[in-house]
Amino acid sequence: MSTVEILGTAQDAGVPHVGCRCENCAAAREGSRPTRYASAVRLEDAGRYLFDSTPDVRFQAVDVPDGAFLTHAHLGHLTGLLYFGRESVDADELPVYATSGLGDVIRDNEPLRSLVTEGNVDLRPVADGDAVTLETTSVTPLRVDHRESLPTGTLAYRIDGPDRSLLYVSDVDALTARVESLIREVDVALVDGTFWSRDEIDRVDDVPHPTVRSSMRVLDDVDTEILFTHLNHTNPLLDPASDARERLASAGFRVAERGDVLEL
Ligand SMILES: [Zn+2]
Ligand SMILES: [Zn+2]
Ligand SMILES: [Zn+2]
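In this text the structure is predicted, and so the values were computed from the model without any measurement.

### Brief notes about the coordination of the zinc ion (ligand 3)
Now for step 1: Surrounding the zinc ion (ligand 3) are the protein donor atoms H72 (NE2), H74 (ND1) and H146 (NE2), at 2.1 to 2.2 Å.
Now for step 2: Ordering the donors of the zinc ion (ligand 3) by residue number gives the pattern H-x1-H-x71-H.
Now for step 3: Taken as an interatomic distance, the gap from the zinc ion (ligand 3) to the zinc ion (ligand 1) is 3.5 Å. Of this pair, H72 sits in the loop between β4 (67-69) and α3 (75-78) while H146 is found in the loop between β8 (138-144) and β9 (154-160), placing the two residues 74 residues apart along the sequence. For the pair H72 and H146, a shared accessibility class is recorded, and that class is buried.

### Here we look at the coordination of the zinc ion (ligand 1)
Now for step 1: Protein coordination at the zinc ion (ligand 1): the donors are D12 (OD), H77 (NE2), D171 (OD) and H230 (NE2), at 2.0 to 2.3 Å from the metal.
Now for step 2: Of note, the donors binding the zinc ion (ligand 1) are all from one chain and are spaced D-x64-H-x93-D-x58-H.
Now for step 3: Look at H77 and you get buried, because its relative accessible area is 1%.
Now for step 4: For D171, a relative accessible area of 3% puts it in the buried group.

### Points about the sheet that holds β8
The strands that make up a sheet are held in pairs by hydrogen bonds between backbone atoms, and each pair lies either parallel or antiparallel.
Now for step 1: If you trace the 7 strands from one edge of the open sheet to the other, you get β7-β8-β9-β10-β11-β12-β13, paired in mixed fashion. The open sheet has two edge strands with one neighbour each: β7 (132-133) and β13 (254-255).
Now for step 2: The strands that helix α6 (residues 177-184) touches are β8, β10 (165-169), β11 (188-192) and β12 (225-229); relative to β8, the one it contacts most, it runs at about 160 degrees.

### What to know about the pattern of salt bridges
Now for step 1: Summed over all chains, the structure comprises 17 salt bridges.
Now for step 2: The partner of E44 in a salt bridge is R48, and the shortest N-O contact between them spans 3.5 Å.
Now for step 3: Taking the shortest distance from any N to any O, the salt bridge between R124 and D122 comes out at 3.1 Å.
Now for step 4: Classification of D122 as partly exposed rests on a relative accessible area of 26%.
Now for step 5: The structure contains a network of salt bridges with shared partners spanning R164, E225, R254 and D260.

### Quick word on helix α1 (residues 23-30)
Now for step 1: Where α1 is concerned, the buried positions are N24, C25, A27 and A28. End-on, the buried residues of α1 take up no more than an arc of 160 degrees, which puts them together on one face. In α1, those exposed residues whose orientation departs by more than 90 degrees from the buried face are E23 and E30.
Now for step 2: G31 sits one or two residues past α1 and shows a positive phi near 90 degrees.

### Quick word on the sheet that holds strand β3 (residues 48-51)
Now for step 1: Spatial ordering of the open sheet is given by β6-β5-β4-β3-β2-β1-β14, a layout of 7 strands whose pairing is mixed. Each of the sheet's edge strands pairs with one partner strand only, and the pair in question is β6 (121-125) and β14 (261-263). Between one strand axis and the next, the sheet turns through 25 degrees on average, direction left out of account.
Now for step 2: As defined by bridge partners, strand β1 (residues 3-8) adjoins β14 across 3 bridges and the pair is classed as antiparallel. By the bridge assignment, V4 is partnered in β14 with L262.
Now for step 3: Helix α4 (residues 100-108) rests against β5 (94-98) and β6 of the sheet, and its axis sits at about 150 degrees to β6.

### Considering the packing of aromatic side chains
Now for step 1: Scanning the entire structure with this criterion turns up 7 aromatic pairs.
Now for step 2: Their ring planes at 80 degrees and their centres at 5.4 Å tell us that F51 and Y157 sit as a pair that is edge-to-face. Taken together, the residues F51 in strand β3 and Y157 in strand β9 connect sequence positions 106 residues apart. Taken individually, F51 and Y157 each receive the classification buried, so the pair is uniform in this respect.
Now for step 3: Above the ring of Y37, the side-chain terminus of R258 is found at 4.1 Å from the ring centroid.

### Some remarks on α4
Now for step 1: Residues of α4 that are buried include every one of L102, G103 and I106, and no others. Burial along α4 is one-sided: seen end-on, the buried residues are contained in an arc of 105 degrees.
Now for step 2: Of the surrounding elements, those touching the buried residues of α4 are α3, β5, α5 (113-117) and β6.

### Focus: unusual backbone geometry
Now for step 1: A cis amide bond, omega 5 degrees, links V15 with the succeeding residue P16.
Now for step 2: With respect to the helices and strands, P16 occurs in the loop between β1 and α1.
Now for step 3: For the bond from E110 to P111, the omega torsion is 5 degrees, close enough to zero to count as cis.
Now for step 4: Note that P111 resides in the loop between α4 and α5.
Now for step 5: The backbone of D52 sits at a positive phi, close to 80 degrees, despite the residue not being glycine.

The rules we used
- Residues numbered from 1 in each chain as written.
- Chains lettered and ligands numbered in written order.
- Predicted model: local features only at pLDDT ≥ 70, side-chain atom pairs only at ≥ 80, totals over all residues.
- Heavy atoms only, no water.
- Donors = N, O, S within 2.8 Å, 3.2 Å for Na, K, Ca; no water.
- Helix = DSSP H or I, 4+ residues; strand = E, 2+ residues; numbered from the N terminus.
- Buried < 20%, exposed > 50% of the residue type's maximum accessible area, 1.4 Å probe, protein only.
- Pairing = 2+ DSSP bridges.
- Contact = heavy atoms within 4.5 Å.
- Axes fitted to C-alpha atoms, helices over the stretch in contact; angles between N-to-C directions.
- Salt bridge = Lys/Arg side-chain N within 4 Å of Asp/Glu carboxyl O.
- Arc of directions from axis to C-beta.
- Phe/Tyr/Trp six-rings, centres within 6.5 Å; stacked < 30°, edge-to-face > 60°.
- Lys NZ or Arg CZ within 6 Å of the ring centre and 35° of its normal.

Take it as geometry only, folks, not as evidence of what the structure does.
Structure follows, in structure tokens:
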């Protein structure tokens, strides 16, 4: 059997969020609610594989994993890779799976470039649909739309274990028919839950994500077990006593929590 453990459930910048004194951020700073780390999961097969390498990775990984799968080049998903370099654990040829474009960015730009020149990482480009076979699971990268302005692309990952399948789709511009069908095809899905509704931030058009409210309607009749992750600090779902949380639960969905373990 293999398992997937949830290591983080927040949007890239975490909760609390720099420069914010909203109720969610204040509660996390005071400790009345737990801090939320940036979205990431760990697959345990015979080895351990990290999905996303976040700025919170030092709280999320004790040992150097046997591989890291990256989704895309934004703050919360890439920058933790630096903790595998010489200033930190000085990893030895950690296999890093990413789009070829993201691999080029890592290879060509400091401070990430040093990870390659010092032999800390071994870049392994992956393409849409090409499965990586591990011990008892296979991992399939799936290209999704997330910011046209990001030429290096964005991946979701489907993980097929001996008994069950899981989709990790942390960031996507919209719940398109393709994304919806990817969700319907698996047993459990960790889905972009950045915003509950479009009125949470002023610049919502600059940072498109499907709202949880609309995703609940689209996914109303699915058999897939759905957990929302990548929650922004503004999301009312962060408050366990909120109306939003009650509506989510009564519709049969839930918020992903750090420490949750899903068996595959
Ligand atoms: Zn993100
Ligand atoms: Zn806040
Ligand atoms: Zn992103």
